[in-house]
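# Structure assessment
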Amino acid sequence: MIEVRGVTKRYGRSLAVDDLSFQVRTGQVTGFLGPNGAGKSTTMRMILGLDRPSSGAALVDGRPYRSFRRPLHKVGALLDASAFHPGRTARDHLRAIALSNGISPARVAHVLGQVGLDPVAGKRAGTFSLGMKQRLGIAAALLGDPELLMFDEPVNGLDPEGVLWIRTLIRGLAAEGRTVFVSSHLMSEMESTADHLVVVGRGRLIADLPIRELIAAASGAHVVVRVAAEHRPAMISALSAGGAQITLEPDGALKVAGMDAAGAGALAHACGIPLAELSPRRSSLEDAYFELTEDAVEYRAKEVAA
Ligand SMILES: Nc1ncnc2c1ncn2[C@@H]1O[C@H](COP(=O)(O)OP(=O)(O)OP(=O)(O)O)[C@@H](O)[C@H]1O
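Keep in mind the model is a prediction, meaning the values are calculated, not measured. (Residues numbered from 1 in each chain as written. Predicted model: local features only at pLDDT ≥ 70, side-chain atom pairs only at ≥ 80, totals over all residues. Heavy atoms only, no water.)

## Topic: the overall build of the protein
Worth spelling out the cut-off: Per the convention used, a helix needs a DSSP run of H or I reaching at least four residues, while a strand needs a run of E reaching at least two, with both numbered from the N terminus. Here the radius of gyration uses the C-alpha set of atoms, whereas the globule reference equals 2.2 Å times the residue count to the power 0.38. Note on contacts: a residue pair qualifies if any of its non-hydrogen atoms lie within 4.5 Å across the two residues. For the area figures, the Shrake-Rupley method with a 1.4 Å probe applies, and any residue is considered shielded solely by the protein chains shown. Counting rule applied: Lys, Arg positive; Asp, Glu negative; His and chain ends not counted. Charge positions come from single atoms, namely NZ of Lys, CZ of Arg, CG of Asp or CD of Glu.
From N to C terminus, the protein includes eleven helices and 13 strands. For the protein, whose C-alpha radius of gyration is 24 Å, the value lies well above the compact-globule estimate of 19 Å for 306 residues. By its C-alpha atoms, the protein is 80 × 45 × 40 Å across when sized along the principal axes. In the protein, the share of contacts with a sequence separation of at least 24, taken over all contacts with a separation of at least 6, comes to 68%. With the model as given, the accessible surface of the protein reaches about 14,600 Å², and the carbon-plus-sulfur share is 53%. Of the charged side chains in the protein, 34 are positive and 32 negative, and the gap between their average positions amounts to 9 Å.

In structure tokens form, the structure reads like this:
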């Protein structure tokens, strides 16, 4: 388990991470979300001991990451996809990491196959496309067969095929019982990948909850009710007496909040009003995310403008 406990990180006078606390639960995919500059990469670097918190602690299984004798068996990470010697072949790059970490050379061939880089394993990594570099970075993260994986913005700059590949890989790793912590500034990307979300803005924790709760908590969920014009006044009174908030849309539909579709349907039935449409609309995860991070983004926009 990864535990971030009251972590603050200052760079000079700027506060990158501000008293942040959360846990990454074992066996799940946790999405780490926030606008650009929210402090995600800084937090990940502190978990890996690449940066020191100004205060607080970032721990893996209750210990600093650097205290593990064989750290790559514990956590594999992709933080920067271009972190390799460009003149080295993909295979040699992985062999060097394996050698310096006491990992069997047999793992190199295994992970090259896992990320689909077999055919280009003998090519210099400097010639790789961004997608291939990402795959090489992920191969390095998988080398120690770790329980925990951390990926910082793994789909940045990838084409749709690459994005799909990473999503499938992450779900596959979770299905094997591994814990995955993956950052992104795109909510839509997390929708099909993550079980749980940790949302940050301006270095602070904004939300720490399962994805389905985030959707349910978003205020945009409503029901669209459509009835013939002559029944509209009666339907509006019944809904309003039932405690719903109603907005009459320009096309005559009623946008109903504060009541679910079953409730609105039962009311219509009780009043003998035939329904032309009854559609529950959930708010998209993207809407929910924007609602949550609005202040953090606005603040930044103002800061930049000032
Ligand atoms: N080495 C550094 N020196 C000074 N400031 C830094 C340093 N690293 C990060 N920062 C600042 O800390 C803040 C958080 O940056 P960080 O890269 O952690 O955010 P992020 O959420 O990962 O953003 P992005 O989505 O753009 O990658 C930013 O304001 C950034 O400019």
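## Considerations on the pattern of salt bridges
Stated formally: For salt bridges, the criterion is a side-chain nitrogen of Lys or Arg within 4 Å of an Asp or Glu carboxyl oxygen. Each residue is assigned to one of three classes by its accessible area relative to the maximum for its type, calculated with a 1.4 Å probe on protein chains only: buried under 20%, partly exposed between the two thresholds, exposed over 50%.
Enumeration according to the criterion identifies 14 salt bridges in this entry. Where R178 meets D145, a salt bridge forms, and the shortest distance between an N and an O atom there is 2.8 Å. You can see R178 sitting in the loop between helix 6 (160-175) and strand 7 (179-184) and its partner D145 sitting in the loop between helix 5 (130-142) and strand 6 (148-152), a full 33 residues away along the chain. On the basis of relative accessibility, which here comes to 15%, the residue R178 falls in the buried class. Taking the relative accessible area as the measure of exposure, D145 reaches 41% and is therefore partly exposed. Across the pair R178 and E176 runs a salt bridge, and its minimum N-O distance is 2.8 Å. Taking the relative accessible area as the measure of exposure, E176 reaches 48% and is therefore partly exposed. Shared partners join several salt bridges into a network, and the residues in it are R226, D251, E277 and R281.

## As for the site of the ligand
Put simply, the test is: Any residue with a heavy atom positioned within 4 Å of a molecule or strand is treated as near that molecule or strand. Residues adjacent in sequence count toward polar contacts only when both atoms are side-chain atoms; beyond that, a polar contact is any pair of N or O atoms within 3.5 Å, and within protein one must be able to donate a hydrogen and the other to accept it.
In the region of the ligand, the neighbouring residues are Y11, A16, P35, N36, G37, A38, G39, K40, S41, T42, R45 and E153. G37 places a main-chain nitrogen or oxygen 2.7 Å from an oxygen atom of the ligand. A38 places a main-chain nitrogen or oxygen 3.0 Å from an oxygen atom of the ligand. Protein chains bury 61% of the 630 Å² of accessible surface belonging to the ligand in isolation.

## Description of the sheet that holds strand 5 (residues 75-78)
Applied cut-off: At least two bridges found by DSSP between two strands are what make those strands a pair. Under this scheme, a helix contributes an axis fitted over its contacting stretch, all axes are lines through C-alpha atoms, and angles between N-to-C directions fall in the 0 to 180 degree range.
Read across the sheet, six strands follow the order 5-6-7-3-8-9 without closing on themselves; strand pairing throughout is mixed. Only two strands of the sheet have a single partner each, and these edge strands are strand 5 and strand 9 (204-210). Averaged over all pairs of adjacent strands, the angle between their axes in this sheet comes to 15°, without regard to strand direction. Against the sheet, helix 5 makes contact with strand 5 and strand 6, and its axis sits at roughly 165° relative to strand 5, the strand it touches most. Against the sheet, helix 6 contacts strand 3 (29-33), strand 6 and strand 7, and its axis sits at roughly 155° relative to strand 7.

## Topic: the nonpolar core
Condition: Among buried residues, those of type Ala, Val, Leu, Ile, Met, Phe, Trp, Tyr and Cys that are joined through side-chain atoms within 4.5 Å constitute a nonpolar core.
Of all hydrophobic cores here, the largest spans 77 residues; its most connected members are L94, I138, F151, F181 and L197. Tallying contributions element by element places helix 6 first for this core, with seven residues. Apart from residues lying up to four places away in sequence, I138 is in contact with L78, V115, F151, W165, I166 and L169.

## Details of unusual backbone geometry
Unusually for a residue other than glycine, D19 sits at a positive phi of about 50°. In the Ramachandran plot, D145 falls in the positive-phi region, its phi being about 50° despite a non-glycine side chain.

## As for helix 4 (residues 106-114)
Our working definition: What the arc covers is the set of directions going from the helix axis to the C-beta atoms.
Where helix 4 is concerned, the buried positions are R107, V108, V111 and L112. Down the axis of helix 4, the buried set is contained in an arc of 135°. They therefore lie on one face. Opposite its buried face, helix 4 presents the exposed residues A106 and A109, each directed more than 90 degrees away. Of the surrounding secondary structure, the elements contacted by the buried residues of helix 4 are helix 3 (90-100) and helix 5. Looking one or two places after helix 4, you find G116, whose phi comes out positive at around 75°.

## Comments concerning the environment of L148
With respect to the helices and strands, the residue L148 is situated in strand 6. Note: C-alpha distance between L148 and R178 (30 residues apart in sequence) is 5.8 Å. Non-local contacts of L148, meaning those with residues more than four positions away in its chain, are made with M1, I2, V60, K74, V75, G76 and T179.

## Re the side chain of T42
Assignment of secondary structure puts T42 in helix 1 (residues 40-47). Every residue in contact with T42, bar those within four places of it in the chain, is listed here: K9, Y11, A16 and V17.

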